[in-house]
Amino acid sequence: MKKYLSLVTFSHTIFAMPFAFIGFFLAVTTTNYQFNWVKLLLMLVCMVCARNSAMAFNRYLDRDVDAKNPRTKQRDIPAGRISPASALTFTLINCLLFITATWFINRLCFFLSPVALFVVLGYSATKRFTALCHLVLGLGLSLAPIGAYLVVTGQFALTPLFFSFAVLCWVSGFDIIYALQDEDFDRSEKLHSIPAYLGKTKALWLSTFLHVLSAAFVMLPAFFTPVSYPYYIGVVFFCIMLIYQHSVVKPNDLSRVNFAFMTTNGIASVVFAALFLVDRAFITHGILSGIRL
């Protein structure tokens, strides 16, 4: 089990999972649908299985590339801790579990499950032909809030889409920062990435632009649903974390890329989601009702 958790870098679940909780409890507190423990559990199963399948497939597909890259040659498949066949089997098992879980949620989630898998699995191949691979990764993780909203309601709505767009821009931006480490390697192997295509300086500018868009999208829900002070505090904190990660990564100094990628973004996601849940509790129970906007 430890090997497979390492294979899928399970700690990185911290990026999308908090936004799944946002989508779930947004639905519970803004619609007539009631909280349901079974649906929450099924949502968690879907999140874990979709991400497990995506990461395992990525490691399987990239095994030869990872073996050549000094930064990644110690990953589980190149290092021989997990065989390619085992990684592919793990991928298929998680895909089946994901689809099975959606069957017990509602018809729309079940019918959309192949589409979701196509996006999250398809990302792994995009680096072979397009520098927009970072946006495809962002798209995959952006399914978390809208997907969780669909678990509760079985129908689309505008407000959860704002959170999905926020995740798309946020993840795409920080994945560009992470890819700065492999700029030279990607060029030598004819792999596509924004840093390999634009260079470090322009790639960081594009990442900044995407994070500005992400900040705008987390602000927009306040214009479409009642929120209170905790939500605004969460937005400010999220934006501060975006600014901070750009302050510690420079074109000529990539020593803190991993810190910016994992620690800063992980904290941003968890704290923002926690303050969102506090806000939902305040709104639901009428706390701070006099200062809602």
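Numbers given for residues are sequential positions, taken from 1 along each chain in its written order. Note on the predicted model: pLDDT of at least 70 is required for a residue's local features to be given, and 80 or more for side-chain atom pairs to be given and counted; whole-chain, interface and lining totals, by contrast, use all residues. Here the side-chain values reflect all heavy atoms present in the structure, with hydrogen atoms and water set aside.

**So, the overall build of the protein chain**
Runs of E in the DSSP output that reach at least two residues are strands. Runs of H or I that reach at least four are helices, and both are numbered from the N terminus. Within the protein chain, the regular secondary structure consists of 13 helices and zero strands. Listing every helix and strand of the protein chain by position from the N terminus yields α-α-α-α-α-α-α-α-α-α-α-α-α. Relative accessible area decides the class of each residue, using a 1.4 Å probe on protein chains only: under 20% of the type maximum gives buried, over 50% gives exposed, and in between gives partly exposed. Within the protein chain, the proportion of its 293 residues that are buried is 51%. Contacts are assigned to residue pairs with any non-hydrogen atoms lying within 4.5 Å of each other. Considering only residue pairs separated by 6 or more positions, the protein chain has 73% of its internal contacts joining residues 24 or more positions apart. Total accessible area computed for the protein chain in this model is approximately 13,700 Å², and 70% of it derives from carbon and sulfur atoms. In this description, accessible areas are obtained by the Shrake-Rupley approach with a 1.4 Å probe, and a residue is regarded as covered only by the protein chains that are shown.

**A word on the pattern of salt bridges**
Oppositely charged side chains may form a pair once their charged atoms are brought near each other. Salt bridges are defined as contacts in which a side-chain nitrogen from Lys or Arg sits within 4 Å of a carboxyl oxygen from Asp or Glu. By the definition in use, this model includes 10 salt bridges. As a salt-bridge pair, aspartate 279 and arginine 280 come within 2.9 Å of each other at their nearest N and O atoms. It is possible to trace a salt-bridge network through shared partners that takes in Glu183, Asp184, Arg187 and Lys200.

**So, the side chain of serine 164**
Secondary-structure assignment places serine 164 in helix α8 (residues 158-179). Whenever a nitrogen or oxygen atom comes within 3.5 Å of another N or O atom, the pair is scored as a polar contact, on the condition that within protein one atom can donate a hydrogen and the other can accept it, and that pairs from neighbouring residues in sequence are kept only if both atoms are in side chains. Among the polar contacts made by the side chain of serine 164, one reaches the main-chain carbonyl oxygen of serine 142 at a distance of 2.8 Å.

**Observations regarding unusual backbone geometry**
Backbone geometry places lysine 190, a non-glycine residue, at a positive phi of 60 degrees. Secondary-structure assignment places lysine 190 in the loop between α9 (183-188) and α10 (194-198).

**Side note on the confidence of the model for the protein chain**
Scored from 0 to 100, pLDDT reflects the predictor's confidence in each residue. Per-chain confidence: the protein chain averages 91 in pLDDT, with 93% of residues scoring 70 or above. Between residues 287-293, whose pLDDT stays under 50, and residues either more than four places distant or in other chains, the model counts 13 contacts.

**Thoughts on the packing of aromatic side chains**
Ring geometry is summarised as follows: Phe, Tyr and Trp rings, the Trp one being its six-membered ring, pair when their centres sit within 6.5 Å, and such pairs are stacked at plane angles under 30 degrees, edge-to-face over 60 and tilted between the two. Going through the model one piece at a time under the given rule, you end up with 25 aromatic pairs. Measuring from ring centre to ring centre gives 6.5 Å for phenylalanine 163 and phenylalanine 272, while their planes differ by 50 degrees; the resulting arrangement is tilted. With phenylalanine 163 in helix α8 and phenylalanine 272 in helix α13 (residues 257-284), the pair connects residues that are 109 residues apart, well separated along the chain. Assessed through its relative accessible area of 1%, phenylalanine 163 is described here as buried. Residue classification places phenylalanine 272 among the buried positions, given a relative accessible area of 1%. Grouping aromatic residues by their ring pairs yields a cluster made of Phe15, Phe19, Phe163, Trp170, Phe174, Tyr231, Tyr232, Phe238, Phe272 and Phe276. In our convention, an over-ring charge means Lys NZ or Arg CZ found within 6 Å of a ring centre and within 35 degrees of that ring's normal. The ring of phenylalanine 259 has arginine 256 lying over it, and the distance from NZ or CZ to the ring centre is 4.9 Å.

**Describing helix α12 (residues 229-248)**
Given the number of residues in a helix, its expected span is that number minus one, multiplied by 1.5 Å. Taking 1.5 Å as the rise per residue, α12 with 20 residues should run 28 Å; its terminal C-alpha atoms sit 29 Å apart, in good agreement. For α12, the set of buried residues is Pro230, Tyr231, Gly234, Val235, Phe238, Cys239, Met241, Leu242, Gln245, His246 and Val248. Contacts made by the buried residues of α12 are with α2 (17-30), α8, α11 (200-219) and α13.

**Points about a nonpolar patch on the surface**
Two joining distances apply to patches: 9 Å for like charges and 5 Å for nonpolar side chains (Val, Leu, Ile, Met, Phe, Trp, Tyr), and every residue must have over 30% relative accessible area and no salt bridge. Judged by side-chain polarity, Leu112, Val115 and Phe156 come together as a nonpolar surface patch covering roughly 270 Å² of accessible area. Secondary-structure assignment places phenylalanine 156 in the loop between α7 (133-153) and α8.

**What to know about the packing of helix α6 (residues 107-126) against α7**
As a rule, the C-alpha atoms of each element are fitted with a line to give its axis, helices using only the stretch in contact, and angles between N-to-C directions run from 0 to 180 degrees. Packing of α6 against α7 brings their axes to within 8 Å, and their N-to-C directions diverge by 160 degrees. As judged from the angle between their axes, α6 and α7 are roughly antiparallel. Here α6 runs over α7; the crossing is left-handed. Across from Leu108, Cys109, Leu112, Ala116, Val119, Val120, Tyr123 and Thr126 in α6, the residues of α7 making contact are Cys133, Val136, Leu137, Leu139, Gly140, Leu143, Leu150 and Val151. For the contact of α6 with α7, the per-class residue count stands at 14 nonpolar, two polar and no charged. In this scheme, roughly parallel covers angles under 35 degrees and roughly antiparallel covers those over 145, while 65 to 115 is roughly perpendicular and the rest are oblique. By convention the crossing between two helices is left-handed if the near helix lies anticlockwise of the far one by an angle smaller than a right angle, and right-handed if it lies clockwise. Each residue is assigned to one class: nonpolar for Ala, Val, Leu, Ile, Met, Phe, Trp, Tyr, Cys and Pro, charged for Asp, Glu, Lys and Arg, and polar for all the others, Gly among them.

**A few points about the environment of glutamine 181**
Within the secondary structure layout, glutamine 181 lies in the loop between α8 and α9. Distance in space between the C-alpha atoms of glutamine 181 and valine 257 is 7.9 Å, their sequence separation being 76 residues. Polar side-chain contacts of glutamine 181 include one of 3.0 Å to the backbone oxygen of tyrosine 178.

**Let's talk about the nonpolar core**
Ranked by internal contacts, the top residues of the largest apolar core, which has 72 residues, are Phe24, Met43, Trp170, Tyr231, Phe238, Val249 and Phe272. Looking at this core element by element, the count peaks at 11 residues for α8. When near neighbours in sequence (up to four residues on either side) are disregarded, phenylalanine 238 contacts Phe19, Trp170, Ser214, Val218, Ala268 and Phe272. The nonpolar core is taken to be a set of buried Ala, Val, Leu, Ile, Met, Phe, Trp, Tyr and Cys residues, with the residues joined through side-chain atoms within 4.5 Å.

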